[in-house]
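# Per-entry structural report
What follows is the residue order along each chain.
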Amino acid sequence: MFYREAGQYNTTYEKDMQVFPIKQDKIGIAIWLVLAYLFVPFFGIPGLEYGFAMNAIMIPVLIFTITTIGLNILVGFTGQISLGTGAFMGVGAYACYKLTSYFPDVNIIVLILASGFVSAIVGALFGLPSLRIKGFYLVVATLAAQFFLEWCFIRVGWLYNYNASGAIEVPQREVFGWIVTGPSAEPVTRYLVVLSILIFLAIIAGNLTRGRIGRSWMMIRDMDIAAELIGVRPLTAKLSAFAVSSYFIGVSGALMVFMWLGAAEVESFDVNHSFLYLFMVILGGLGSITGSFMGAAFIWTFPIVLKELGKSWFGINATVMENVSLVAIGVMIVVILIAEPHGMARLWQIIKQKLRIWPFPH
Amino acid sequence: MTATDSYVTPDGRTIGGVMMEMKNITLRFGGVVAIKDISFDIREGEIRAIIGPNGAGKSSMLNVINGFYHPQEGEVWFRGEKRPSMKPYQIAAQGIARTFQNIALFHGMTTVENVMTGRQLMMKKNFLWQMLRVGPAMAEEVVHRRRCEEIIDFLEIQHIRKEPVGNLPYGLQKRVELARALAMEPKLLLLDEPMAGMNVEEKEDMSRFILDVNDQYGTTIALIEHDMSVVMDLADRVVVLDYGKMLADGTPDEVQKNQAVIDAYLGVEH
């Protein structure tokens, strides 16, 4: 009813190429931004305890959205499947840890963004096999990367400064007088930092995927032979996808440790997490930035919601509910994939399309 | 008539000198000889047809021209220079575009995005600008978008501009593929069975587009086609292949009267 594009004309190609060409969508995004910047920092999520809402829901969801966007660039936009996500996050986290110990005076946000480059280089390196192999074989190659990097995180003492616990612990750092990392950092500061980095990176991802480079990724994904005959160099396209994807994933790994966990060991970067991020991508929608937001939010919050419901409505204890939620999420994935293989982003698109012409069927 | 002479066709188009010359091309896949010692040339501005029964080596020939296959023997000369062994994307940069027998569109993208992919080589703005997508990067995007829209207008596919190409009917997909090839502004356009599987009306449309492309953009066209009436109407010169060997090379009239061609197509009494 209100969602109509009648009377809205795009008179230039710039306008036609906007992410949200329809006015109502722009208003919707503005509302989301206002909520994220002005509502959530003060009130958290209504009905939930503030610290819990921040630490258990908002911050991880935002961080995993960055991971999902990164992985989506590789899997959804370029069609190269990777199971090394967890390890690439680890690369970002360990790189950031090393950078903080080498450059204690540099702004921590700069270091977090810089640590992504280390991950990008490692990602491009492990992306080299993709030039020769595809599909399942590439999965195996990235799995090898996962296990190799995990081994490094345990065995290479230099990475965690040879401390006895084998874990990396986040030092306290301030930015303009605000404590951003470390145990005494306020949830709201960390939330705002993560949110801002996410928005910054999401805009970059959106720009890249709509331009020449994004098209070369999608060309490789859809028809690699035709892409090559049109003039795309598979080497450049694939490796740039691996690098950009790993950059995002690396930054999210650094954020995960520095803004959320506070300390991490190799378990935080294991292959189970790689699967989790892949679920977020697939469920959210392959090749969709909006879908990445949905996928990450859904996969992360669904078990929490289920656990809370189980506790308060049926009095089932948390351990049982954890297993129930595992089962439920598996079923959800299967159901959604059968109903809509393009994930929640496509569902959302269909809903919008229907709204646009409502109450008429077509 | 020598390699550099130009001449005027009966319908008044000027055909230039030799653009591409295939010299004694032999292509083998293991023990199978796909193309055996074939030589022919393509002149600037002409419509050149390659015909022959199934398995004659026509598609292989196109794949040799655009560098997807590398012949074991023989030389490819392009614009007076012997072409070294090149990767397909380098040959694309030289101005050779093609369409495919089994449509090879990018199915996850819309029509306009597919056409935009043809501009890939002409877009130069680096990664940093692409990231920001403002100023010069946006200006570049708009310039190429405008050019693509012209081609979309030219091929009359405006109405499906924003449709994902996977949903389009076959005939339109073929047209989008032609649009994508045209977006590359090729000097030589290779069409692999542009009319396969089309009905008469669609074939007429496609023939008109091919003639218009040749006429308006001056694009040299080499096409493979099974529909003889189309070939005889469109082509300036025809090469006939059979089992990897060359049967005939000449104008449509000459080729039609060639006994070897008639035998290959209609069969011979034994």
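Residues numbered from 1 in each chain as written. Chains lettered and ligands numbered in written order. Predicted model: local features only at pLDDT ≥ 70, side-chain atom pairs only at ≥ 80, totals over all residues. Heavy atoms only, no water.

### A closer look at the overall build of chain A
Just so we agree on the cut-off: In this description a helix means any DSSP run of H or I spanning at least four residues, a strand means any run of E spanning at least two, and both kinds are numbered starting from the N terminus. The globule rule is 2.2 Å times the number of residues to the power 0.38, and the radius of gyration it is compared with is taken over C-alpha atoms. Each residue is placed in one exposure class: buried if its accessible area under a 1.4 Å probe, protein chains only, is under 20% of its type's maximum, exposed if it is over 50%, and partly exposed if it falls in between. By definition, residues are in contact when any of their heavy atoms lie within 4.5 Å. In this description, accessible areas are obtained by the Shrake-Rupley approach with a 1.4 Å probe, and a residue is regarded as covered only by the protein chains that are shown.
Helices and strands together make up the secondary structure of chain A, namely 14 helices and four strands. Expected size for 362 residues packed as a compact globule is a radius of gyration near 21 Å; at 21 Å, chain A falls within 12% of this value. Seen through its C-alpha atoms, chain A measures out along the principal axes to roughly 65 × 55 × 45 Å. Taking all 362 residues of chain A together, 51% fall into the buried category. Here the contacts in chain A between residues at least 6 apart in sequence split such that 72% fall between residues at least 24 apart. As displayed, chain A has an accessible area near 17,000 Å², and 71% of this comes from carbon and sulfur atoms.

### Here's the deal with the sheet that holds strand β6 (residues 73-78) of chain B
All names here are of chain B. Rules: Pairing between two strands requires that DSSP report at least two bridges joining them. To get an axis, a line is fitted to the C-alpha atoms, and for a helix only the part in contact is used. The angle between two axes follows their N-to-C directions and goes from 0 to 180 degrees.
Spatially, β4-β3-β6-β7 is the arrangement adopted by the four strands of the open sheet, whose pairing is antiparallel. Each edge of the sheet is formed by a strand with only one pairing partner; in this case those strands are β4 (32-43) and β7 (81-82). Of the pairings in the sheet, the one linking β6 to β7 comprises two bridges and is antiparallel in character. Paired with Trp77 across the two strands is Lys82, which belongs to β7. Its contacts with the sheet place helix α1 (residues 58-65) against β3 (18-29), β4 and β6, and it is angled at close to 120° to β3.

### A look at the side chain of Thr9 of chain B
Turning to its location among the elements, Thr9 of chain B is positioned in the loop between β1 (7-8) and β2 (14-15). Owing to a relative accessible area of 6%, Thr9 of chain B belongs among the buried residues under this scheme.

### What about the packing of helix α12 (residues 289-314) of chain A against helix α14 (residues 343-357) of chain A?
Residue and element names in this part refer to chain A. Our working definition: Relative orientations are named as follows: roughly parallel for angles under 35 degrees, roughly antiparallel for angles over 145 degrees, roughly perpendicular for angles from 65 to 115 degrees, and oblique for any other angle. In this scheme the handedness of a crossing depends on how the near helix is turned from the far one: anticlockwise by less than a right angle means left-handed, clockwise means right-handed. Classification used: nonpolar for Ala, Val, Leu, Ile, Met, Phe, Trp, Tyr, Cys and Pro, charged for Asp, Glu, Lys and Arg, polar for all others including Gly.
One can describe the packing of α12 onto α14 by two numbers: an axis separation of 7 Å at closest approach and a directional angle of 120°. It follows that α12 is oblique to α14 by the angle criterion. Judged by the twist between their axes, the crossing of α12 over α14 is right-handed. Residues Gly291, Met294 and Phe298 of α12 lie in contact with α14, whose contacting residues are Met344, Ala345 and Trp348. Of the residues contributing to the contact of α12 with α14, the split by class is five nonpolar, one polar and no charged.

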